[in-house]
Amino acid sequence: MTDSIPSPHGNKLIDRFVVSDKKNMQDMYTLQVSNELRNDIENIADGIFSPLEGFVGDDDFQSIVKRGRLSNGLAWTVPIILDADEQEARNIKDTGEIALAAADGEEKFAILHVEEVYPFDKIACAKSIYQTDDIKHPGVEKMVNMKDRLIGGRVDVIKRIKQSPLRKYRMTPAQTRAEISRKGWKSLVGFQTRNVPHVAHEMLQKAALNLYDGLLVNPLIGKKKQGDFKDELILSTYLALIDSYYPKEMVMFVTLHTDMRYAGPKEAIHHAIMRKNFGCSHFIVGRDHAGVGKYYHPFAAHEIFKDYTDLEIQPLFFPAFYYCKKCLMYSNERNCPHGPEYREELSGTNMRKIVGSGEMPPIHLMRPEVAKIIVSFNEPFVV
Ligand SMILES: [Zn+2]
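Residues numbered from 1 in each chain as written. Predicted model: local features only at pLDDT ≥ 70, side-chain atom pairs only at ≥ 80, totals over all residues. Heavy atoms only, no water.

Undergrad: Any chance you could explain the packing of helix α8 (residues 231–245) against helix α12 (residues 368–376) here in plain terms?
TA: A pair of packed helices is characterised by two quantities: the angle between their axes and the separation of those axes. Interaxial distance between α8 and α12 falls to 8 Å at its minimum, and their mutual angle equals 160°. Considering their axes alone, α8 and α12 lie roughly antiparallel with respect to each other. Crossing of α8 against α12: the hand is right-handed. On α12, the residues touching Leu233, Ser236, Thr237, Ala240, Leu241, Ser244 and Tyr245 of α8 are Pro368, Glu369, Val370, Ile373 and Ile374. When grouped by side-chain class, the residues that make up the contact of α8 with α12 number eight nonpolar, three polar and one charged. (Axes fitted to C-alpha atoms, helices over the stretch in contact; angles between N-to-C directions. Helix = DSSP H or I, 4+ residues; strand = E, 2+ residues; numbered from the N terminus. Parallel < 35°, antiparallel > 145°, perpendicular 65-115°, else oblique. Left-handed = near helix turned anticlockwise from the far one by under 90°. Contact = heavy atoms within 4.5 Å. Nonpolar A, V, L, I, M, F, W, Y, C, P; charged D, E, K, R; others polar.)

Printed below as a string of structure tokens:
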């Protein structure tokens, strides 16, 4: 089979930006949304969540929860939803259109065409998406704390989120696809990350570059859990790494602004769909991809792709890379026969030690350009 860049999910790249505000938003009922939701609303408008044109209605919601697909059968595993309390729901129900405003100010930035307001079963939804109803799971906790009603409907976005250093590398699928076609690539591998880069990650990405035309390094920028690396640090360390160690013409560095959901296998599918919309033909799925704690089997995020053979983006299951002191190189369980006593890896615990002591990690485990940034960073972890 020859590689090719896939069409957007559902075959249509969604664009829900409207250039001018012809409607009078000032008179509209206004709902304030969190910064996280505003990010996702912009993602909808830019087609990152194609084919969604807004927040899902009850039919699609039920279908996603029950079978991991939209009501028309198209793969979709993480519902994109907008919640409201009882009072807001009553106000919104028959309005037709409402304005959406940022949580931190008065700015109205979008119109929501209200199609339905419906109740939802948080626990049933949590059990399906996160495979647990344990409140200690960050995704479950967030869902249980949502308001009681959901609002479905298409959105039209009028104002983009203000530019900032963190958003400098954000691109829309239309922009990445234009770049892919300019380069003439027939294959592009997407790499999801929420970590600072170790040499092991670099070797894995370069192993993919041996086989495909291009690499999309696509860190997730957004709300994360306590103990995860801060967004600023992920961004600056990757920029330093790419600058010194990557062939620029083969790599695209683009940030994706959405929350981690920690939904493990279901989120792996969601991550793959977003990368398909960016134009990736392949997507690297890690061990315990999008996992947290011990909620998912380490290979559950690989197994789930068997149920989604219609996805049109190929998952790549690389084994984890480690430095082998016997092979004297980066190896993995497929090509190295040596036992765990020869393996060198930077674990989370090691990383914490390094950060705490200010000591530089060995250069074969972490590039000095990267380590320097981490060591000099004031508070590298989300608290
Ligand atoms: Zn070895």
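Undergrad: Looking at this structure, I do not really get the layout of surface pockets. What am I missing?
TA: Rolled over the atoms, a probe with the dimensions of a water molecule shows which regions are left empty. Computed from the structure, the largest pocket encloses a volume of approximately 1600 Å³. Taken together, 46 residues make up the lining of the largest pocket; nearest its centre are Asn195, His201, Gly286, Arg287 and Asp288. Those elements that provide at least two residues to the lining of the largest pocket are β7 (188–193), α7 (199–209), β13 (322–324), β15 (343–344) and α11 (348–357). Partitioning the lining of the largest pocket into residue classes produces 21 nonpolar, 14 polar and 11 charged. In this structure, the second largest pocket spans a volume of roughly 800 Å³. (1 Å grid on protein atoms, 1.4 Å probe; cavity = no way out; pocket = protein on both sides within 12 Å on 5 of 7 lines; lining within 4 Å. Points joined across faces, edges and corners; volume = space filled by probe spheres on them.)

Undergrad: So what exactly am I meant to see when it comes to the side chain of His257 here?
TA: Relative to the elements of secondary structure, His257 occurs in strand β10 (residues 256–257). For His257, a relative accessible area of 3% translates into the label buried. At 2.8 Å, the side chain of His257 and the side chain of Thr255 are in polar contact. (Buried < 20%, exposed > 50% of the residue type's maximum accessible area, 1.4 Å probe, protein only. Polar contact = N/O pair within 3.5 Å; in protein donor to acceptor, adjacent residues only side chain to side chain.)

Undergrad: Would you mind showing me how to read the coordination of the zinc ion here?
TA: Six octahedral donors around a metal ideally make angles of 90 or 180 degrees; four tetrahedral donors ideally make 109.5 degrees. Around the zinc ion, the protein contributes the donor atoms Cys324 (SG), Cys327 (SG), Cys336 (SG) and His338 (ND1), which lie 2.1 to 2.3 Å from the metal centre. The coordination sphere of the zinc ion comprises four donor atoms, whose angles at the metal cover 101 to 117°; the geometry is tetrahedral. All donors to the zinc ion come from one chain, and their sequence spacing reads C-x2-C-x8-C-x1-H. We classify Cys324 as buried; its relative accessible area is 0%. (Donors = N, O, S within 2.8 Å, 3.2 Å for Na, K, Ca; no water. Tetrahedral: all angles 85-135°; square planar, octahedral: opposite > 155°, others 65-115°.)

Undergrad: Hey, could you run me through the environment of Asp243 in this one?
TA: Tracing the sequence through the fold places Asp243 in helix α8. By relative accessible area, Asp243 is classed as exposed at 55%. As a C-alpha pair, Asp243 and Glu369 span 126 residues in sequence and 9.7 Å in three-dimensional space.

Undergrad: Explain the packing of aromatic side chains here, please?
TA: In this description, an aromatic ring pair is defined by two values, namely the gap between the centres and the angle between the planes. The full count for this structure, using the stated rule, is eight aromatic pairs. Seen from their ring centres, Phe49 and Trp76 are 6.4 Å apart, and the 90° between their planes marks the pair as edge-to-face. Linking Phe49 in the loop between α1 (35–46) and β2 (54–55) with Trp76 in the loop between α2 (58–67) and β3 (83–84), this pair joins segments that are 27 residues apart in sequence. According to the relative accessible area criterion, Trp76 is buried, its value standing at 0%. Taking 5.5 Å as the distance between ring centres and 70° as the angle between the ring planes, the aromatic pair formed by Tyr169 and Phe253 counts as edge-to-face. (Phe/Tyr/Trp six-rings, centres within 6.5 Å; stacked < 30°, edge-to-face > 60°.)

Undergrad: I keep staring at the pattern of salt bridges and nothing clicks. Help me out?
TA: Should the charged atoms of two oppositely charged side chains come close, the side chains can pair. In total, this model carries 25 salt bridges according to the counting rule given. The salt bridge involving Glu42 is made with Arg167; its shortest N-O contact spans 3.3 Å. Taken as a pair, Glu42 in helix α1 and Arg167 in the loop between β6 (149–157) and α6 (173–183) lie far apart in primary sequence, 125 residues in all. Residue classification places Arg167 among the buried residues on the basis of a relative accessible area of 9%. Linking Glu42 and Arg170 is a salt bridge whose minimum nitrogen-to-oxygen distance equals 3.6 Å. Within this pair, whereas Glu42 is found in helix α1, its partner Arg170 is found in the loop between β6 and α6, the two being separated by 128 residues in sequence. Using a relative accessible area of 12% as the deciding quantity, one classes Arg170 as buried. One network of salt bridges, with partners in common, ties together Glu42, Asp46, Arg160, Arg167 and Arg170. (Salt bridge = Lys/Arg side-chain N within 4 Å of Asp/Glu carboxyl O.)

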